[in-house]
Amino acid sequence: MELEFKAIFGCFLSVTTCFLLSVVYISSLYVWDAKYDRNHPSTIKKRFVSVFIMMFVSPVFLYASINKRILERSSIWEIMGLKIHGLSEAFLIPWFLTMVLFLGPLFMQLVNGSLKSYLKPMYWVDSMQNLIWLRNHVVAPLSEEFTFRSCMLPLLLQSFSPSTAIFICPLFFGVAHFHHMIERIRKGLDFKTAFLASCFHFTYTTIFGMYSAFLLWRTGHFASTFIAHAFCNHMGVPDIQELLTYKELALSLTPKKRPFSFIQIICSDGSISITAASCAALTEQYLSIFYKGSKHQTIDQLWSRKMISVEV
């Protein structure tokens with residue numbers, strides 16, 4: 001009876017800590033006097049300061065609630081996935097797999113020629129001087145993955161099975177994005193439209209959060225979640241409307257040119273759905289090949305539930 005109570009209390013403590021951490025993170029974005037919208041340079045800079053401070057606050061929540069026996073086996077930095085050993089593999093393999101997930105949009109960029117812009121040095125020079133680009137590609141992935149994955153997933157793994165923890169962890173991440181609803185209403189959207197838009201935002205951020213949490217659990221590296229998040233932010237939600245214009249273009253072509261056009265449409269349309277379903281399986285397969293029998297420690301190997309059940 002006592003052990004059962006400790007287990008229930010441990011689950012409650014882990015979930016409550018994650019909830020409080022997400023509330024503190026979102027609240028830090030609104031401590032400033034909001035005169036402008038989220039894309040104004042002044043707002044972006046102030047929020048940069050907020051999330052930078054949160055990167056020092058978030059580990060405190062983890063350290064205060066983590067089972068101290070875990071810290072006897074591994075440092076707090078290893079638990080959060082901040083380590084050098086195996087860094088290149090943890091960076092490149094998830095990046096490749098995330099690119100597979102976006103094969104359709106990438107192929108469309110290849111067709112319309114926008115993919116070539118990445119080879120121009122000035123694209124990167126201009127991007128690094130753009131605050132919105134820095135927010136979407138560097139600061140947001142860095143701070144959000146650090147707080148919502150590196151500092152939350154270890155707390156949940158000490159009380160739940162990996163599959164349950166991977167399911168619960170992104171819920172905090174998804175709900176946290178509901179704060180965008182406030183700005184949508186301020187811009188003039190009615191409550192119903194703003195709410196539906198936020199629900200859609202919640203859905204795909206939660207799905208991505210599961211993928212990201214799986215990467216962190218499987219690789220034990222923060223870098224894997226950062227590169228996946230940055231790449232997904234860059235690609236955005238697949239533009240279905242643009243895909244329809246390609247279909248109209250294909251139908252207007254001569255019969256000799258149609259076969260290639262329909263192939264590119266199938267590649268663009270099919271990869272969006274097919275790779276989404278197979279990406280998790282590919283991830284498990286590739287990561288299992290690399291980590292099986294290797295000296296790399298995944299988060300799952302840093303502790304076991306049997307050890308934690310002694311002092312939950």
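See above for the structure.
Now for a quick tour of the structure. (Residues numbered from 1 in each chain as written. Predicted model: local features only at pLDDT ≥ 70, side-chain atom pairs only at ≥ 80, totals over all residues. Heavy atoms only, no water.)

### Here's the deal with the nonpolar core
Right, so step 1: Membership of the largest hydrophobic core comes to 45 residues, with the highest contact counts inside it found for Leu-62, Phe-148, Met-152, Leu-153 and Leu-156.
Right, so step 2: Of all the secondary-structure elements, those providing two or more residues to this core are helix 1 (2–28), helix 2 (41–65), helix 4 (76–79), helix 8 (131–150), helix 9 (153–157), helix 10 (162–176), helix 12 (191–219) and helix 13 (222–235).
Right, so step 3: Excluding anything up to four places from it in sequence, Leu-156 contacts Ser-14, Val-15, Cys-18, Ala-165, Ile-168 and Cys-169. (Core = buried A, V, L, I, M, F, W, Y, C linked by side-chain atoms within 4.5 Å. Buried < 20%, exposed > 50% of the residue type's maximum accessible area, 1.4 Å probe, protein only. Helix = DSSP H or I, 4+ residues; strand = E, 2+ residues; numbered from the N terminus. Contact = heavy atoms within 4.5 Å.)

### Describing the environment of Tyr-36
Right, so step 1: The residue Tyr-36 is located in the loop between helix 1 and helix 2 in this model.
Right, so step 2: Judged by relative accessible area, Tyr-36 falls into the partly exposed class, the value being 45%.
Right, so step 3: Taking the C-alpha atoms as reference points, Tyr-36 and Glu-183, separated by 147 residues in sequence, lie 9.9 Å from one another.
Right, so step 4: Contacts of Tyr-36, omitting those with residues within four sequence positions, involve Ser-42 and Thr-43.

### Thoughts on the layout of surface pockets
Right, so step 1: Roughly 1500 Å³ of volume is contained in the largest pocket.
Right, so step 2: Lining the largest pocket are 47 residues, and of these His-201, Tyr-204, Thr-205, Cys-232 and Asn-233 lie nearest its centre.
Right, so step 3: Only helix 1, helix 2, helix 8, helix 10, helix 11 (180–186), helix 12, helix 13 and helix 15 (258–291) provide two or more residues apiece to the lining of the largest pocket.
Right, so step 4: Within this model, the second largest pocket holds a volume of roughly 410 Å³.
Right, so step 5: Considering the residues around the second largest pocket, the lining is formed by 17 residues, among which Trp-95, Trp-124, His-137, Phe-231 and His-234 are closest to the centre.
Right, so step 6: Those elements giving two or more residues to the lining of the second largest pocket turn out to be helix 5 (87–101), helix 6 (103–112), helix 7 (121–128), helix 8 and helix 13.
Right, so step 7: Along the lines of polarity and charge, the residues of the lining of the second largest pocket split into 14 nonpolar, three polar and no charged. (1 Å grid on protein atoms, 1.4 Å probe; cavity = no way out; pocket = protein on both sides within 12 Å on 5 of 7 lines; lining within 4 Å. Points joined across faces, edges and corners; volume = space filled by probe spheres on them. Nonpolar A, V, L, I, M, F, W, Y, C, P; charged D, E, K, R; others polar.)

### Here's the deal with the packing of helix 5 against helix 13
Right, so step 1: Where helix 5 contacts helix 13, the axes come no closer than 8 Å and their chain directions differ by 30°. Compared by their axis directions, helix 5 and helix 13 come out roughly parallel. In this structure, helix 5 meets helix 13 at a crossing whose hand is right-handed. Here helix 5 contributes Leu-87, Ala-90, Phe-91, Pro-94, Trp-95, Thr-98 and Met-99 to the contact with helix 13, which in turn contributes Ala-223, Ser-224, Ile-227, Ala-228, Phe-231 and Cys-232.
Right, so step 2: Split into classes, the residues belonging to the contact of helix 5 with helix 13 amount to eleven nonpolar, two polar and no charged. (Axes fitted to C-alpha atoms, helices over the stretch in contact; angles between N-to-C directions. Parallel < 35°, antiparallel > 145°, perpendicular 65-115°, else oblique. Left-handed = near helix turned anticlockwise from the far one by under 90°.)

### Structural notes on the packing of aromatic side chains
Right, so step 1: One pass over the structure, following the stated rule, counts 16 aromatic pairs.
Right, so step 2: Consider the rings of Phe-178 and Phe-202, whose centres lie 5.9 Å apart with planes at 40°: the pair is tilted. On the criterion of sequence distance, the pair formed by Phe-178 in the loop between helix 10 and helix 11 and Phe-202 in helix 12 is long-range, its members being 24 residues apart.
Right, so step 3: Among the residues examined, Phe-178 registers a relative accessible area of 25% and is labelled partly exposed.
Right, so step 4: Residue classification places Phe-202 among the partly exposed positions, given a relative accessible area of 24%.
Right, so step 5: With a centroid separation of 5.3 Å and an interplanar angle of 65°, the aromatic rings of Phe-200 and Tyr-204 are classed as edge-to-face. Taken together, the positions of Phe-200 and Tyr-204, both in helix 12 and four residues apart, correspond to about one turn of that helix. (Phe/Tyr/Trp six-rings, centres within 6.5 Å; stacked < 30°, edge-to-face > 60°.)

### Digging into the environment of Lys-46
Right, so step 1: One can find Lys-46 in helix 2.
Right, so step 2: According to the relative accessible area criterion, Lys-46 is partly exposed, its value standing at 30%.
Right, so step 3: Through-space distance from the C-alpha of Lys-46 to that of Ala-34 is 9.9 Å; in sequence the pair is twelve residues apart.
Right, so step 4: Not counting chain neighbours up to four residues away, the residues in contact with Lys-46 comprise Trp-32 and Asp-33.

### Looking at helix 5
Right, so step 1: Across its 15 residues, helix 5 extends 22 Å between first and last C-alpha, which sits within 8% of the 21 Å expected from 1.5 Å per residue.
Right, so step 2: Turning to helix 5, its buried residues are Ala-90, Pro-94, Leu-97, Thr-98 and Val-100. Projected down its long axis, helix 5 carries its buried residues within an arc of 150°, all on one side. (Expected span 1.5 Å × (residues − 1). Arc of directions from axis to C-beta.)

### Brief notes about the side chain of Ser-198
Right, so step 1: Looking at the secondary structure, you find Ser-198 in helix 12.
Right, so step 2: Look past the residues within four positions of Ser-198 in its chain and what remains in contact with it is Phe-178, Met-181 and Arg-184.

### Notes on the packing of helix 8 against helix 12
Right, so step 1: Where helix 8 contacts helix 12, the two axes come as close as 11 Å, and the packing angle between them is 75°. As the angle between them shows, helix 8 and helix 12 are arranged roughly perpendicular. Taking contact as the criterion, the partners of Glu-145, Arg-149 and Ser-150 in helix 8 are, on helix 12, Phe-208, Gly-209, Ser-212, Ala-213 and Leu-216.
Right, so step 2: Along the lines of polarity and charge, the residues of the contact of helix 8 with helix 12 split into three nonpolar, three polar and two charged.

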